[in-house]
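# Fold and geometry: a report
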Amino acid sequence: MSQHIEQLDKFPSTRYMGSKSKLLDSIWEVSKDFEFNSVLDLFSGSGVVGYMYKCHGKEVTSNDYMAMAATYAKALIENKDIVLSNRDVERILKQTDNDGFVERVFKDLYFTDDENRLIDNIRANIKRLRNPHKKAIAKAALIRACMKKRPRGIFTYTGQRYNDGRQDLRKTMEEQFREAVTVINEAVFDNGQQCVSTWADSLKLRKKHYDLVYIDPPYYTPQSDNEYVRRYHFVEGLARDWNGVDIQKETKTKKFKSYPTPFSTRDGAEEAFRAIFKKYADSILIVSYSSNSEPTKEEMLALLSEVKENVKVVPVDYTYSFGTRKSVKRNSVQEYLFVGW
Ligand SMILES: C[S@@+](CC[C@H](N)C(=O)[O-])C[C@H]1O[C@@H](n2cnc3c(N)ncnc32)[C@H](O)[C@@H]1O
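Read on for an overview of the structure.

So, about the overall build of the protein chain. The number of helices and strands found in the protein chain is 12 helices and 7 strands. Compactness check: the protein chain gives a C-alpha radius of gyration of 20 Å against a globular reference of 20 Å for 341 residues, within 12% of the reference. If you line up the protein chain on its principal axes, its C-alpha atoms span 60 × 45 × 35 Å. Relative to its full complement of 341 residues, the protein chain shows a buried share of 55%. A separation of at least 24 residues holds for 75% of the contacts in the protein chain among residues at least 6 apart in sequence.

Right, dumping it as structure tokens:
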């Protein structure tokens, strides 16, 4: 098992909602005393937790039901040694015939006509790449560029309302794309294991044994919006090239319907936790959760105790930023790691 801890700093930082990039030390701290090799990151999001385990030499499977998350994991976790060369980048940026889809459908919503044309051009050239990991890097870079060029990195509103003139917004889309390729290339490494990226609903993922399963679903709270698809629909659309989704033409944002997930209701979340714990009852289970979510801490402990003899809760202090429509305020929320073994 080869360790590459120094790689961890190379993970391309993101502002992905709910990212656990600040909790990596705590997650490793509760993991390290167990003996394990295979790890499933069942709700991978930005991919940073799976990447942390990859740096520790583990055989990581990274899963999420969003194509954009699966694309990130394919480029950064599954991928061992493929990078995009300068020649590849020039080919991807070269003017080519394209379907003009983004320019047409998203006109005047998020980006300028020129930027939309560049996005369409890159999409067309990505389709010509044959190597799946090159494709994943190029797509991940395009997604990253679009998020960086977007005030707040989200697509729940149109126009430039939150444009504060910051450096990332002043760079061109092409500059952002080139920079994204560079940071992703630098984060690629081989830890000697067969790491895998999967794109599936957590409850439908084919059953297989993993020594350790890390579980970080969307937080259900009665007040907050945890809809990933609504927030990131444009970049999620890019990741799957809008295949198999219906854009809701009447919406201002031209989003498509969110994927159904049990974690959007309280009862649904409880049932889903029960099913997931049962499915992975033979694995070490680590669950991220926070004090303002439901099921409550006590209920979660009871659920875990249904399948695990030993259960503990490790509180992790963490300042969490909550964006509301009018203000962004910092709330101190208690984060927990539930561990069952
Ligand atoms: C809290 S985030 C995970 C954050 C991640 N641990 C990180 O550090 O970036 C929750 C993730 O669950 C995914 N998700 C929601 N419902 C899902 C489901 N039913 N199956 C698989 N993934 C789901 C969302 O797409 C989102 O990426």
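By the element assignment, Arg150 lies in the loop between helix 7 (132-148) and helix 8 (167-170). Salt bridges are absent for the buried Arg150, whose nearest opposite-charge side chain, Glu115, sits at 8.6 Å. Residues contacting Arg150, with those up to four places away along its chain left out, are Arg15, Leu109, Tyr110, Phe111, Phe155, Tyr157, Thr158, Gly159, Gln160 and Leu169.

The immediate surroundings of the ligand are formed by 21 residues, with Tyr16, Lys20, Ser46, Asp64 and Asp216 found nearest. Between the ligand and Asp64, the relevant distance is 2.7 Å, taken from an oxygen atom to a side-chain nitrogen or oxygen of the residue. Separating a nitrogen atom of the ligand from a side-chain N or O atom of Asp201 is a distance of 3.4 Å. For the ligand, whose free accessible area comes to 610 Å², the fraction covered by protein is 100%.

To continue, consider a positive patch on the surface. A surface patch of positive charge is lined by Arg87, Arg91, Lys94 and Arg128. Tracing the backbone shows Lys94 in the loop between helix 4 (86-93) and helix 5 (101-105).

Attention now moves to the pattern of salt bridges. Taken as a whole, this structure holds 23 salt bridges when the rule is applied. Residue Arg123 is joined to Asp99 by a salt bridge in which the shortest nitrogen-to-oxygen separation is 2.9 Å. On the criterion of sequence distance, the pair formed by Arg123 in helix 6 (residues 113-128) and Asp99 in the loop between helix 4 and helix 5 is long-range, its members being 24 residues apart. Residue Arg123 is classed as buried on the basis of its relative accessible area of 6%.

Moving on, we come to the pairing of strand 1 (residues 38-41). Neither face of strand 1 is exposed, since Ser38 and Leu40 on one face and Val39 and Asp41 on the opposite face are all buried. Direction of pairing for strand 1 relative to strand 2 (residues 59-64): parallel, over a ladder of 4 bridges. When the sheet's bridge partners are listed, Asp41 is paired in strand 2 with Ser62.

Our focus in this paragraph is helix 9 (residues 173-187). Over its 15 residues, helix 9 runs 21 Å from end to end, which matches the ideal 21 Å to within 8%, given 1.5 Å per residue. Regarding helix 9, the residues found buried are Met173, Gln176, Phe177, Ala180, Val181, Ile184, Asn185 and Ala187. Projected down its long axis, helix 9 shows its buried positions confined to an angular sector of 165°, all on one face. Buried residues in helix 9 make contact with helix 2 (48-55), helix 3 (67-78), helix 4, helix 6, helix 7 and helix 8.

Overall, the coordinates contain 29 aromatic pairs when judged by the stated rule. Feature note: the residues Phe101, Phe106, Tyr110, Phe111, Phe155, Phe234 and Trp242 constitute an aromatic cluster, connected by ring pairs. The positively charged end of Lys58 is found above the aromatic ring belonging to Phe36, 4.1 Å away from the centroid. The side chain of Arg150 reaches across the aromatic face of Tyr157, ending 4.1 Å from its centre.

The subject of this paragraph is unusual backbone geometry. A cis amide bond links Glu294 to the next residue, Pro295, at an omega of -5°. Even without glycine at this site, Asp241 takes up a positive phi of about 50°. Tracing the backbone shows Asp241 in the loop between helix 10 (228-240) and helix 11 (266-279). In this structure, Lys254 is a non-glycine residue whose phi angle is positive, near 55°.

The rules behind the values
- Residues numbered from 1 in each chain as written.
- Predicted model: local features only at pLDDT ≥ 70, side-chain atom pairs only at ≥ 80, totals over all residues.
- Heavy atoms only, no water.
- Helix = DSSP H or I, 4+ residues; strand = E, 2+ residues; numbered from the N terminus.
- Rg over C-alpha atoms; globule rule 2.2 N^0.38 Å.
- Buried < 20%, exposed > 50% of the residue type's maximum accessible area, 1.4 Å probe, protein only.
- Contact = heavy atoms within 4.5 Å.
- Lys, Arg positive; Asp, Glu negative; His and termini not counted.
- Salt bridge = Lys/Arg side-chain N within 4 Å of Asp/Glu carboxyl O.
- Near = heavy atom within 4 Å.
- Polar contact = N/O pair within 3.5 Å; in protein donor to acceptor, adjacent residues only side chain to side chain.
- Areas by Shrake-Rupley, 256 points an atom, 1.4 Å probe, with all protein chains shown as cover.
- Patch = residues over 30% accessible without salt bridge, like charges linked within 9 Å, V, L, I, M, F, W, Y side chains within 5 Å.
- Charge placed at Lys NZ, Arg CZ, Asp CG, Glu CD.
- Pairing = 2+ DSSP bridges.
- Expected span 1.5 Å × (residues − 1).
- Arc of directions from axis to C-beta.
- Phe/Tyr/Trp six-rings, centres within 6.5 Å; stacked < 30°, edge-to-face > 60°.
- Lys NZ or Arg CZ within 6 Å of the ring centre and 35° of its normal.

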